[in-house]
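Spelled out, the chains give:
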Amino acid sequence: MELNPARLDAAVEALRAVLPLTQPADACLRAFFRTHPNLGQRDRGAIAELVFACLRNLRLLEHLCEGRQPRRLALATALLAQGASVRQLDTLLRKDEGQWLATLRAYDLAQLPAAVQLSLPDWVWERLCAQFGEQEAMMLGRALLAPAPLDLRVNALRADRDSVLQRLRAEGLSAQPTPFAPLGVRLGEKPALQKHPLFLDGSIEVQDEASQLLALIVGAKRREMVVDFCAGAGGKTLALGSMMRSEGRLYAFDTSEKRLANLAPRLKRSGLSNVHPQRIDSEHDRRIGRLEGKIDRVLVDAPCTGLGTLRRNPDLKWRQSPESAAELSAKQGSILHAAARLVKPGGVLVYATCSLLREENEEVVAGFLAQQPQFQAEDATSALRPFGLELDSAPHYRVLPHRHRMDGFFAALLRRMPPG
């Protein structure tokens, strides 16, 4: 990324807006750009890249900069996280900043504690070491410092992957098939897609490969009744509807009117006619009761700490805590028990999070199974073997950025056994 004086000044102001970390970083950036309409598309892209690189490396940078001074953080980010040289930054520097940056460049980072090197909160680092061992936790932590690729899912009702790849490549984009997801496309750059014809006609949607694979685990089929219990803005809802070829009924539940409103234009573009969005007050909403025992497949993509998505949402590691993780774990269990009531005998319940933490994943599932003996865990990874993805996490689905080059994701496949 090329920094010039205007971009640097804008990046400093953007960091000043984001760094209280009381709101999601992407929302803060959108608000910042609305108040700076003179910034062009390339400027916005460069500023966003620097801000997110800073957030990924924030603990290390704060240590080296001795605090949260936005200008120093911006320059240190460009130098240490984005690969700029002191010479390239020279025309932007004030008195003594060149010497300071040269000192940073020469600093022996290996002498710092691992959690500081990896810019992880101590509590997250301790949990990752306990789960994976220190050596693998180091590899995972390094992977979380890299930006995530931009993955797309081809809507099979509108297009096929080969034609989408051909078109994107003809436009000069570096587009490749995702390694495992059969409808995935991975871009080597991050173009603005909101006005692209393939986006506007519903042929493509932005969706990480790990999330695309989750839809395969759910395995929705034509003419089934399916519930996406925590639908959000509907990325997995749309994937499930496409798998169903727009037949049967697919209910998209969420407690947020705003998130469901974001689903509406995506649903219109997709061409799906079997999706029924429904706002609910909570997992105990009475309107859910009419579907009790009637649903073939229920997906619970539960609210979580989101630590598996730190490559794209690095602010989450600074906005979560051991206390919030414990609160979420209790909430996840409550949602899972409520959703289980919908599953008919022989049907499946898929519990998923984009968290890395055992307390939000395996422990929630174990607690559920201890109280719901009519459910049994089955191999969630078997649906992925035809696509070449062999996981060592069976019976559960677990992918990790350093192993699989996708977001950290977990899923358990739970079947309700027929009586007797």
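The structure we're discussing is the one just above.
Note that the structure is predicted; figures quoted are calculated from it, not measured.

Asks: Would you take a moment to explain the overall build of the protein chain for this structure?
Replies: A tally of helices and strands in the protein chain yields 19 helices and twelve strands. Compactness check: the protein chain gives a C-alpha radius of gyration of 23 Å against a globular reference of 22 Å for 420 residues, within 12% of the reference. Projected onto the principal axes, the alpha-carbon positions of the protein chain cover approximately 80 × 45 × 40 Å. Looking at the protein chain residue by residue over its 420 residues, the buried ones come to 54%. Across the protein chain, contacts joining residues at least 24 apart in sequence account for 71% of those joining residues at least 6 apart. Counting 56 positive and 48 negative side-chain charges, the protein chain places the centres of these two groups 5 Å from one another.

Asks: Looking at this structure, how should I read the state of the cysteines?
Replies: Note: disulfide means a covalent bond formed between the sulfur atoms of two cysteine side chains. This structure, assessed with the given rule, holds zero disulfides. Considering cysteine sulfurs only, cysteine 54 is the nearest to cysteine 28, which forms no disulfide, with 13 Å between them. By relative accessible area, cysteine 28 is classed as buried at 15%. We note that cysteine 230 lacks a disulfide partner, and the nearest cysteine sulfur, in cysteine 304, lies 10 Å from it.

Asks: So what exactly am I meant to see when it comes to the packing of aromatic side chains here?
Replies: Any aromatic ring pair is given by two values, namely how distant the centres are and how the planes are angled relative to each other. Within this structure, the stated rule accounts for four aromatic pairs. Pairwise contacts between aromatic rings join Phe229, Tyr251 and Phe253 into one cluster. The ring of tryptophan 100 has arginine 72 lying over it, and the distance from NZ or CZ to the ring centre is 4.2 Å.

Asks: Honestly, the side chain of glutamine 332 in this entry has me stumped. Any pointers?
Replies: Structurally, the position occupied by glutamine 332 is in helix α17 (residues 322-340). Overall, the relative accessible area of 0% leaves glutamine 332 in the buried class. Side-chain polar atoms of glutamine 332 contact the side chain of glutamate 360, separated by 2.8 Å. Excluding residues that lie within four positions of it along the chain, glutamine 332 makes contacts with Ala302, Pro303, Cys304, Tyr351, Glu359, Glu360 and Val364.

Asks: In this structure, what is going on with the pattern of salt bridges? I would like to understand it.
Replies: If charged atoms from side chains of opposite charge come close, those side chains can pair. Overall, the coordinates contain 34 salt bridges when judged by the stated rule. Residue lysine 331 pairs with glutamate 283 through a salt bridge whose shortest N-O separation is 3.0 Å. With lysine 331 in helix α17 and glutamate 283 in the loop between β7 (275-279) and β8 (295-301), this residue pair connects regions lying 48 residues apart in the sequence. By relative accessible area, which is 38% here, lysine 331 ends up partly exposed. Classification of glutamate 283 by relative accessible area gives buried; the value is 7%.

So, how was this worked out
- Residues numbered from 1 in each chain as written.
- Predicted model: local features only at pLDDT ≥ 70, side-chain atom pairs only at ≥ 80, totals over all residues.
- Heavy atoms only, no water.
- Helix = DSSP H or I, 4+ residues; strand = E, 2+ residues; numbered from the N terminus.
- Rg over C-alpha atoms; globule rule 2.2 N^0.38 Å.
- Buried < 20%, exposed > 50% of the residue type's maximum accessible area, 1.4 Å probe, protein only.
- Contact = heavy atoms within 4.5 Å.
- Lys, Arg positive; Asp, Glu negative; His and termini not counted.
- Charge placed at Lys NZ, Arg CZ, Asp CG, Glu CD.
- Disulfide = S-S within 2.5 Å.
- Phe/Tyr/Trp six-rings, centres within 6.5 Å; stacked < 30°, edge-to-face > 60°.
- Lys NZ or Arg CZ within 6 Å of the ring centre and 35° of its normal.
- Polar contact = N/O pair within 3.5 Å; in protein donor to acceptor, adjacent residues only side chain to side chain.
- Salt bridge = Lys/Arg side-chain N within 4 Å of Asp/Glu carboxyl O.

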